[in-house]
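# Working through the structure, step by step
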Amino acid sequence: MSTLADLVAVLREGLDVEQPDYLQLLFEHWVGEEAGWPLASVALPLLVGIPPEDWPFHLDDSAREAAAAALERLAGEALGVNGDALVSPLALRAWAQGEGVRLPAAAEPLLDFVQQTVPRLAAQAAPV
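Figured I'd write up the structure that's included with this text. Because the structure is a prediction, the values reported are computed rather than measured.

About the cut-offs
- Residues numbered from 1 in each chain as written.
- Predicted model: local features only at pLDDT ≥ 70, side-chain atom pairs only at ≥ 80, totals over all residues.
- Heavy atoms only, no water.
- Helix = DSSP H or I, 4+ residues; strand = E, 2+ residues; numbered from the N terminus.
- Buried < 20%, exposed > 50% of the residue type's maximum accessible area, 1.4 Å probe, protein only.
- Contact = heavy atoms within 4.5 Å.
- Core = buried A, V, L, I, M, F, W, Y, C linked by side-chain atoms within 4.5 Å.
- Salt bridge = Lys/Arg side-chain N within 4 Å of Asp/Glu carboxyl O.
- Polar contact = N/O pair within 3.5 Å; in protein donor to acceptor, adjacent residues only side chain to side chain.
- Arc of directions from axis to C-beta.
- Axes fitted to C-alpha atoms, helices over the stretch in contact; angles between N-to-C directions.
- Parallel < 35°, antiparallel > 145°, perpendicular 65-115°, else oblique.
- Nonpolar A, V, L, I, M, F, W, Y, C, P; charged D, E, K, R; others polar.

This next bit is on the overall build of the chain. Helices and strands together make up the secondary structure of the chain, namely eight helices and two strands. For the chain, the succession of helices and strands along the chain, N to C, is α-α-β-α-α-α-β-α-α-α. Within the chain, buried positions represent 48% of all 128 residues. Long-range contacts, defined here as pairs at least 24 residues apart, represent 72% of the contacts in the chain between residues at least 6 apart.

What follows concerns the environment of Leu23. Of note, Leu23 is situated in helix 2 (residues 20-31). Of the residues examined, Leu23 reaches a relative accessible area of 1% and is grouped as buried. Counting along the chain gives 28 residues from Leu23 to Pro51, while the straight-line C-alpha distance between them is 8.2 Å. Setting aside residues up to four positions removed in sequence, Leu23 forms contacts with Val17, Gly49, Pro104 and Ala106.

Core analysis: the biggest nonpolar cluster contains 41 residues, and Leu4, Trp37, Leu47, Leu71 and Trp95 have the highest contact counts within it. Mapped by element, the contributors of at least two residues to this core are helix 1 (4-12), helix 2, helix 3 (39-48), helix 5 (62-79), helix 6 (89-98) and helix 7 (107-117). The residues touching Leu47, leaving out its near neighbours within four places in the chain, are Leu4, Val8, Arg12, Leu71, Leu92, Trp95, Ala96, Val101, Leu103 and Pro104.

What follows deals with the pattern of salt bridges. On inspection of all chains with the given rule, the structure shows four salt bridges. Close ionic contact of Arg102 with Glu18 constitutes a salt bridge, the shortest N to O distance being 3.8 Å. Here Arg102 is found in the loop between helix 6 and helix 7, whereas its partner Glu18 is found in the loop between helix 1 and helix 2, with 84 residues between them in sequence. Arg102 gets classed as partly exposed once you look at its relative accessible area, which sits at 47%. Note on Glu18: relative accessible area 44%, which makes it partly exposed.

The next subject is the side chain of His58. Relative to the helices and strands, His58 resides in helix 4 (residues 55-58). From its side chain, His58 meets the backbone oxygen of Leu11 in a polar contact 2.6 Å long. Apart from the residues lying within four places of it in its own chain, the contact partners of His58 are Leu11, Leu15, Val48, Ile50 and Arg64.

For an α-helix the count is 3.6 residues per turn, leaving residues at separations of three or four pointing the same way. Within helix 1, the full set of buried residues consists of Leu4, Leu7, Val8, Leu11 and Arg12. An end-on view of helix 1 places all buried positions within 125° of arc, on one side of the element. Contact partners of the buried residues in helix 1: helix 3, helix 4, helix 5 and helix 6. Two residues or fewer after helix 1 comes Gly14, characterised by a positive phi angle close to 85°.

So, on to the packing of helix 5 against helix 6. Relative orientation of the contacting elements helix 5 and helix 6 amounts to 105°, with a least axis distance of 11 Å. Overall, the two elements helix 5 and helix 6 adopt an arrangement that is roughly perpendicular. Here Leu71, Leu74, Ala75, Ala78 and Leu79 of helix 5 lie close against helix 6, whose contacting residues are Ala91, Leu92 and Trp95. Its residues assigned to classes, the contact of helix 5 with helix 6 comprises eight nonpolar, no polar and no charged.

Next up, the structure:
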């Protein structure tokens, strides 16, 4: 079984997720979704550093497609959801960090801000 870090590495191949300008507006939009992020169609693409609308095109080969399917299973098990059930961005980050995977650089300060200013959502950041 592949680890989260292995799967994310396959899916991030060729991406620059440390370039804040590229993903800043994307994360500003999605961090405002207080209800949560749909796991398969939003949370996983954002974890990798891909705009959700580009996710299907990013999975353009069998290795990425297989990694995405395995990532969905792994995340679903860890977060207790499946398919496109809503998942807290803070819970997603806590799980990823616990597995040694950072979200793209643009997401970190935004999620830090949410965690510090919205106590109701901060409770969702407890490690999984």
